[in-house]
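Structural characterization, general
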Amino acid sequence: MLLTPQKSTPILIFAVLLCACTTRTSENLNSANNWTTQQKVDQLTVGISINPATAAHNTVFISLQNKRGEPISDARVTITTLKQWMFSNQRDLPARCVAAGTYRIDTDMGEGISEMNIAIKPKNRLTTNLRIEANIDRPLAAHRSFLLIQ
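Residues numbered from 1 in each chain as written. Predicted model: local features only at pLDDT ≥ 70, side-chain atom pairs only at ≥ 80, totals over all residues. Heavy atoms only, no water.

Side note on the overall build of the protein chain
Put simply, the rule reads: For the purposes of this entry, the term helix denotes a DSSP run of H or I that reaches at least four residues, the term strand denotes a run of E that reaches at least two, and both are numbered from the N terminus. In what follows, a contact means two residues having at least one pair of non-hydrogen atoms within 4.5 Å. Per-residue and other accessible areas follow the Shrake-Rupley method at a 1.4 Å probe size, with only the shown protein chains counted as cover for residues.
From N to C terminus, the protein chain includes 1 helix and 10 strands. Along the protein chain, helices and strands appear, N-terminal first, in the series α-β-β-β-β-β-β-β-β-β-β. Sequence separation of 24 or more characterises 54% of the internal contacts of the protein chain that already satisfy a separation of 6 or more. Summed over its atoms, the accessible surface of the protein chain is roughly 10,100 Å², and 56% of this surface lies on carbon and sulfur atoms.

Examining the sheet that holds strand S8 (residues 102–107)
The cut-off we apply is this: Pairing between strands requires that DSSP locate at least two bridges from one strand to the other. Comment: axis = line fitted to C-alpha atoms, over the contacting stretch for helices; angle = value between 0 and 180 degrees taken between N-to-C directions.
Taken in spatial order, the 5 strands of this open sheet run S2-S3-S4-S8-S7, and their pairing is antiparallel. Each edge of the sheet is formed by a strand with only one pairing partner; in this case those strands are strand S2 (36–41) and strand S7 (96–99). With direction set aside, neighbouring strand axes in the sheet form an average angle of 30°. Here strand S3 (residues 44–50) runs beside strand S4 (residues 58–66); their pairing, made up of 7 bridges, is antiparallel. Bridge pairing in S4 links Ile50 to Val60.

A word on the environment of Met109
The test is simple: Think of it in three bands: with a 1.4 Å probe and only protein chains considered, a residue is buried below 20% of the maximum accessible area for its type, exposed above 50%, and partly exposed in between.
As for its placement among the helices and strands, Met109 is situated in the loop between S8 and strand S9 (112–121). You can call Met109 buried: its relative accessible area is 2%.

Topic: the confidence of the model for the protein chain
The criterion, for reference: Confidence of the prediction at every residue is given by pLDDT, a number between 0 and 100.
Within the protein chain, residue pLDDT values average 79, and 69% of them lie at 70 or more. pLDDT under 50 marks residues 10–21. Its contacts with residues more than four places away, or in other chains, come to 2 contacts.

Some thoughts on the pattern of salt bridges
A side chain of one charge can pair with a side chain of the opposite charge if their charged atoms are brought near each other. What counts here: For this document, the term salt bridge refers to a Lys or Arg side-chain nitrogen within 4 Å of an Asp or Glu carboxyl oxygen.
Applying the stated criterion across every chain yields a total of 3 salt bridges. Note that Arg96 and Asp106 form a salt bridge whose closest N and O atoms lie 3.5 Å from each other. In this pair, Arg96 sits in strand S7 while Asp106 sits in strand S8, placing the two residues 10 residues apart along the sequence. Overall, Asp106 belongs to the partly exposed group, its relative accessible area being 38%. Among the ionic pairs, Arg104 bridges to Asp106, the shortest N-O distance being 2.9 Å. Overlapping salt bridges bring together Arg96, Arg104 and Asp106 as one network.

Description of the pairing of S7
The sheet contact formed by S7 and S8 spans 3 bridges and is antiparallel. Bridge pairing in S8 links Ala99 to Thr102. Linkage of S7 to S8, two consecutive antiparallel strands, is achieved through a turn of 2 residues, within which Gly101 is found at a positive phi near 75°.

This is the structure:
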């Protein structure tokens, strides 16, 4: 199929709009930053951390503040995780507010690099979408403090 300027313009506009829908954070979550980052987006300060950062049983904590530094506790926060290089993803995982401006999402991201798509909808505001990668450590092996002799 040959794309003429008239046919390719809508495709180009759609591609630009698709890229503009989500803000990619400037820092990924990994051991170098102790799986914690903070970003300023759309008059919000968003803190993101994973604890523990081990495969299968991990929790994402998201803290929200307005531009005055006040916690936002009435937002709807969800994430969807996607394993990099695979097309399997989790459903939208809703957060629950556990402290003033702090939200908790229990996930089961596997070992390696996963992408998190975060949707934040404060009351009476537009939704802010963030995309961040997290490098999850492999589960810790059981440690034996003794030597097996057979």
